[in-house]
Amino acid sequence: MLELLREAESMDLRGIGQVLGRGFSLRCPRCGTAPLFRGPFSMYPDCLSCSLRFEREQGYFVGAIYINYAATAVTAIVGYFALDHFVGMPRTQQLITWSTFAVFFPLFFFRYSRSLWLNLEYFLNPEHSRGEQVGGPRG
Ligand SMILES: [Zn+2]
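Described below are features of the structure shown in this document. (Residues numbered from 1 in each chain as written. Predicted model: local features only at pLDDT ≥ 70, side-chain atom pairs only at ≥ 80, totals over all residues. Heavy atoms only, no water.)

### Side note on the overall build of the protein chain
Helices and strands together make up the secondary structure of the protein chain, namely 4 helices and 0 strands. Ordered by position in the sequence, the α and β elements of the protein chain form the string α-α-α-α. Buried residues in the protein chain amount to 31% of all 139 residues. (Helix = DSSP H or I, 4+ residues; strand = E, 2+ residues; numbered from the N terminus. Buried < 20%, exposed > 50% of the residue type's maximum accessible area, 1.4 Å probe, protein only.)

Shown next as structure tokens:
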């Protein structure tokens, strides 16, 4: 019993490491080799290597917006308190700094949030991912 728990725990840790590794390297969640993006904000519809369909249904990437929002809000809040505590930055400068950050960081993090969402969803629901796209025509 204890062996099974240890094995399951190590599989989860490997899986989480894979989600983060492939997520931050902007790679396909299934094969881990092909890139997700062909431009700064445009994705390939399917994996170039294993043909996994990336956007499985309309509105699929709404979860990526939550990830992007959470990363922006948490970074801004922690950054605000860190600058306040360690640097003693005035509130006006803080407001300008974190307002600018809140505009530009989500643009920078857009690709990572989509990739993290795709990898997380594939990790949690791989059977659903396998059944949908095999052998379908492209385009
Ligand atoms: Zn792939």
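What follows picks up the thread again.
### What to know about the coordination of the zinc ion
Coordination sphere of the zinc ion, protein contribution only: Cys-28 (SG), Cys-31 (SG), Cys-47 (SG) and Cys-50 (SG), at 2.2 to 2.3 Å. Taken together, the 4 donor atoms coordinating the zinc ion span angles of 106 to 120° at the metal, a pattern that classifies the geometry as tetrahedral. Read in sequence order, the donor residues for the zinc ion give the motif C-x2-C-x15-C-x2-C. (Donors = N, O, S within 2.8 Å, 3.2 Å for Na, K, Ca; no water. Tetrahedral: all angles 85-135°; square planar, octahedral: opposite > 155°, others 65-115°.)

### Details of the nonpolar core
Met-43, Cys-47, Leu-52, Phe-54 and Leu-118 are the most contacted members of the largest nonpolar core, which totals 15 residues. By size, the runner-up hydrophobic cluster in this structure holds 7 residues, among which are Trp-98, Phe-101, Phe-105 and Phe-109. (Core = buried A, V, L, I, M, F, W, Y, C linked by side-chain atoms within 4.5 Å.)

### So, the pattern of salt bridges
Per the stated rule, a full pass over the model turns up 2 salt bridges. In this structure, the salt-bridge partner of Glu-121 is Arg-56, at a minimum N-O distance of 2.0 Å. Of this pair, Glu-121 sits in helix α3 (residues 91-124) while Arg-56 sits in the loop between α1 (2-24) and α2 (62-87), placing them 65 residues apart in sequence. (Salt bridge = Lys/Arg side-chain N within 4 Å of Asp/Glu carboxyl O.)

### Re the side chain of Gln-94
Looking at the element boundaries, Gln-94 is found in helix α3. With relative accessibility at 2%, the residue Gln-94 sits in the buried group. Polar side-chain contacts of Gln-94 include one of 2.7 Å to the side chain of Trp-98. (Polar contact = N/O pair within 3.5 Å; in protein donor to acceptor, adjacent residues only side chain to side chain.)

### Description of α3
Helical geometry: 3.6 residues make up each α-helical turn, so side chains three or four residues apart lie on a common side. The terminal C-alpha atoms of α3 lie 42 Å apart, and with 34 residues this falls more than 12% below the ideal 50 Å at 1.5 Å per residue. At Phe-109, α3 is bent by approximately 50°, the largest bend along its length. (Expected span 1.5 Å × (residues − 1). Bend = angle between axes of the 7 residues up to and from the residue.)

### A closer look at the packing of aromatic side chains
Under the defined criterion, the tally for this structure stands at 12 aromatic pairs. Considering the side-chain rings of Phe-37 and Phe-110, the 6.4 Å spacing of their centres and the 65° angle between planes classify their relative orientation as edge-to-face. Taken together, the residues Phe-37 in the loop between α1 and α2 and Phe-110 in helix α3 connect sequence positions 73 residues apart. These aromatic residues form a ring-pair network of at least three members: Phe-24, Trp-98, Phe-101, Phe-105, Phe-108, Phe-109 and Tyr-112. Above the face of the Phe-37 ring, Arg-111 is positioned so that its terminal group lies 5.0 Å from the ring centre. Over the face of the ring belonging to Phe-61 we find Arg-114, whose NZ or CZ atom lies 4.3 Å from the ring centre. (Phe/Tyr/Trp six-rings, centres within 6.5 Å; stacked < 30°, edge-to-face > 60°. Lys NZ or Arg CZ within 6 Å of the ring centre and 35° of its normal.)

By themselves, these figures tell us nothing about what the structure is for.
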